[in-house]
Amino acid sequence: DTGVSQNPRHKITKRGQNVTFRCDPISEHNRLYWYRQTLGQGPEFLTYFQNEAQLEKSRLLSDRFSAERPKGSFSTLEIQRTEQGDSAMYLCASSGDSNYGYTFGSGTRLTVV
Amino acid sequence: SQQGEEDPQALSIQEGENATMNCSYKTSINNLQWYRQNSGRGLVHLILIRSNEREKHSGRLRVTLDTSKKSSSLLITASRAADTASYFCATGGYSSASKIIFGSGTRLSIRP
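Residues numbered from 1 in each chain as written. Chains lettered and ligands numbered in written order. Predicted model: local features only at pLDDT ≥ 70, side-chain atom pairs only at ≥ 80, totals over all residues. Heavy atoms only, no water.

**Q** Account for the packing of aromatic side chains, naming residues and giving values.
**A** Inspection of every chain in the model, using the stated rule, returns eleven aromatic pairs over all chains. Between Y35(A) and F45(A), the ring centres sit 5.8 Å apart and the planes meet at 75 degrees, which makes this aromatic pair edge-to-face. One end of the pair, Y35(A), is in strand β4 (residues 31–37); the other, F45(A), is in strand β5 (residues 44–50), with ten residues separating them in the sequence. Given the relative accessible area of 7%, F45(A) is considered buried. Here the aromatic rings of Y102(A) and F104(A) are separated by 6.3 Å at their centres, their planes lie at 40 degrees, and the arrangement is tilted. Accessibility assignment for this pair places Y102(A) and F104(A) in one class, buried. Grouped by ring-pair contacts, the aromatic residues Y33(A), Y35(A), F45(A), Y48(A), Y102(A), F104(A), Y35(B), F88(B) and F102(B) constitute a single cluster. Over the face of the ring belonging to F74(A) we find R22(A), whose NZ or CZ atom lies 3.9 Å from the ring centre. (Phe/Tyr/Trp six-rings, centres within 6.5 Å; stacked < 30°, edge-to-face > 60°. Helix = DSSP H or I, 4+ residues; strand = E, 2+ residues; numbered from the N terminus. Buried < 20%, exposed > 50% of the residue type's maximum accessible area, 1.4 Å probe, protein only. Lys NZ or Arg CZ within 6 Å of the ring centre and 35° of its normal.)

**Q** Talk me through the pattern of salt bridges; I want residue IDs and the actual numbers.
**A** Tallied over the entire structure, the rule returns seven salt bridges over all chains. With its nearest N and O atoms 4.0 Å apart, the salt bridge here joins E53(B) to K56(B). We classify E53(B) as partly exposed; its relative accessible area is 22%. On the accessibility criterion, K56(B) (25% relative accessible area) is partly exposed. One salt-bridge network, held together by shared partners, links R64(A), E83(A) and D86(A). (Salt bridge = Lys/Arg side-chain N within 4 Å of Asp/Glu carboxyl O.)

**Q** Please provide a residue-by-residue account of the confidence of the model for chain B, values included.
**A** On average, residues of chain B score 91 in pLDDT, and 94% of them are at 70 or above. Summarising per-element confidence for chain B, the mean pLDDT is lowest in strand β1 (residues 5–7) of chain B (86) and highest in strand β7 (residues 61–66) of chain B (98). (pLDDT = per-residue confidence, 0-100.)

**Q** Would you mind going over the side chain of D86(A) in detail, with residue names and values included?
**A** With respect to the helices, strands and loops of the structure, D86(A) is situated in the loop between β8 (75–79) and β9 (88–95). In this structure, D86(A) is in contact with R36(A), R64(A), F65(A), I79(A), L110(A) and V112(A), ignoring residues within four places of it in sequence. (Contact = heavy atoms within 4.5 Å.)

**Q** Now, about the interface of chain A and chain B: what can you tell me, with residues and values included?
**A** Facing the 25 residues of chain A at the interface are 24 residues of chain B. Summing both sides of the interface, chain A and chain B together bury roughly 1800 Å²; the carbon and sulfur share of this comes to 47%. Counting across the chain A and chain B interface gives one salt bridge. Its salt-bridge partner being E56(A), residue K99(B) comes within 2.4 Å of it at the nearest N-O pair. Run the count over chain A and chain B and you get five residue pairs in polar contact (both at pLDDT 80 or more). Those elements giving two or more residues to the side of chain A that touches chain B turn out to be β4, β5, β6 (53–57) and β9 of chain A. In terms of residue count, β4(A) provides more of the side of chain A that touches chain B than any other element does, four residues in total. A class-by-class count of the residues in the side of chain A that touches chain B yields eleven nonpolar, ten polar and four charged. (Buried area = accessible area lost by both parts, 1.4 Å probe. Polar contact = N/O pair within 3.5 Å; in protein donor to acceptor, adjacent residues only side chain to side chain. Nonpolar A, V, L, I, M, F, W, Y, C, P; charged D, E, K, R; others polar.)

Okay, here's the thing in structure tokens:
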């Protein structure tokens, strides 16, 4: 297991299109998190799963955003009808225990043109 | 919204010098963590300090936590060019299921 894997690394899409990102966490981690980061800012929390249950969603996650984690393994984040303001780095992280830090993936950089 | 605020926003020092970054936060926490991010990459966890701890060391890193002042500091000793990165503090709430909230980061540049 080489860590948290995110695909694709980069995505360029036209405004109005739908996009889906995938995150494969560390296999023994039961917690999975999605964050969004814009240039020069810290990551902003989007949503969190414990196993397959989505326990918390940020108000940043509008109804155009949906995340799933079927079977408590990998997770997908879908953005429908993309807008230019959705351009950002989308980061996924996993953890096994709240007393330890998160392991982050390298992120998916989304550019909406 | 962001819980933590790092200070300074940017720091440039000579290789070999020590670098100190500060983080202030607003609400009670269970733990505070520091992460490093190289340009365009994901974040790397550096160190976690619990609310009942005051100081923690890991290699060239030293973290302090003052819960009465709601502040933390990260000291990197004997800096190297490879330490050039952005550094973020993140705070974790009391619920075991709570997420961590990041500050806006300090951009550290090490001059050779």
